[in-house]
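A closer look at the structure
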Amino acid sequence: MSAPIVVHRPSPTGGRRVTASGEILGLAYDDHDLIEFLRRAGLPDGERILDDPQWVEWRGGRAHQYQAA
């Protein structure tokens, strides 16, 4: 079973697309943006799950890095 939240590879202009169960939540430019997207999706303690692979899958780049590919 894959993680319900996916942080996709950094875009050429910076930022990473974030999806939850296939729905686009937005383009995050830092962990603060990502945590806010998770809060809006109903996960008020998003900062605690960022490094939990059962919740968040970081694709195509290192976790917590958002600069252009």
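Below or above, wherever it landed, is the structure these notes cover. Since the model is a prediction, treat every value here as computed from it, not as a measurement.

1. Some thoughts on unusual backbone geometry
Phi at S21 takes a positive value of approximately 50°, unusual for a residue other than glycine. Tracing the backbone through its elements, the reader meets S21 in the loop between strand 2 (16-20) and strand 3 (23-28). The exposed category is assigned to S21, whose relative accessible area is 68%. Notably, H64 is not glycine yet its phi reads approximately 70°, a positive angle. Topologically, H64 is positioned in the segment after strand 4 (56-58).

2. Quick word on the side chain of R16
Within the secondary structure layout, R16 lies in strand 2. One polar contact links the side chain of R16 to the main-chain carbonyl oxygen of R59, over a distance of 2.9 Å.

3. What to know about the environment of R48
Turning to its location among the elements, R48 is positioned in the loop between helix 1 (31-40) and strand 4. Under the relative-accessibility criterion, R48 is labelled exposed at 66%.

4. Here's the deal with the nonpolar core
The biggest cluster of nonpolar side chains holds 13 residues, and the ones touching the most others in it are I5, V18, A28, L34, L38, V56 and W58. Listing elements by their share of this core, those giving two or more residues are strand 1 (5-10), strand 2, helix 1 and strand 4. Take this core: its biggest share by element is 3 residues, from helix 1. Residues contacting V18, with those up to four places away along its chain left out, are I5, V6, H8, E23, I24, L25, G26, A28, L34 and F37.

5. Thoughts on the pairing of strand 2
Of all the 5 residues making up strand 2, 4 are buried; the element is thus mostly covered by neighbouring parts of the structure. Where strand 1 and strand 2 come together, 4 bridges link them in antiparallel fashion. Within strand 2, the residue paired with P10 across the bridge is R16. Examined bridge by bridge, strand 2 and strand 3 share 5 bridges and lie antiparallel to one another. What sits directly across from V18, in strand 3, is G26.

6. Points about the sheet that holds strand 4
The strand order across the open sheet formed by 4 strands is 3-2-1-4, and the pairing between neighbours is mixed. The sheet terminates laterally at strand 3 and strand 4, the two strands that pair on one side only. Neighbour to neighbour, the strand axes of the sheet diverge by 20° on average, direction disregarded. Of the strand pairs in this sheet, strand 1 and strand 4 are connected by 3 bridges, and their pairing is parallel. Across the sheet, the residue bridging to I5 is V56, located in strand 4. Seen against the sheet, helix 1 touches strand 1, strand 2, strand 3 and strand 4 and runs at an angle of roughly 155° to strand 3.

The rules behind the values
- Residues numbered from 1 in each chain as written.
- Predicted model: local features only at pLDDT ≥ 70, side-chain atom pairs only at ≥ 80, totals over all residues.
- Heavy atoms only, no water.
- Helix = DSSP H or I, 4+ residues; strand = E, 2+ residues; numbered from the N terminus.
- Buried < 20%, exposed > 50% of the residue type's maximum accessible area, 1.4 Å probe, protein only.
- Polar contact = N/O pair within 3.5 Å; in protein donor to acceptor, adjacent residues only side chain to side chain.
- Core = buried A, V, L, I, M, F, W, Y, C linked by side-chain atoms within 4.5 Å.
- Contact = heavy atoms within 4.5 Å.
- Pairing = 2+ DSSP bridges.
- Axes fitted to C-alpha atoms, helices over the stretch in contact; angles between N-to-C directions.

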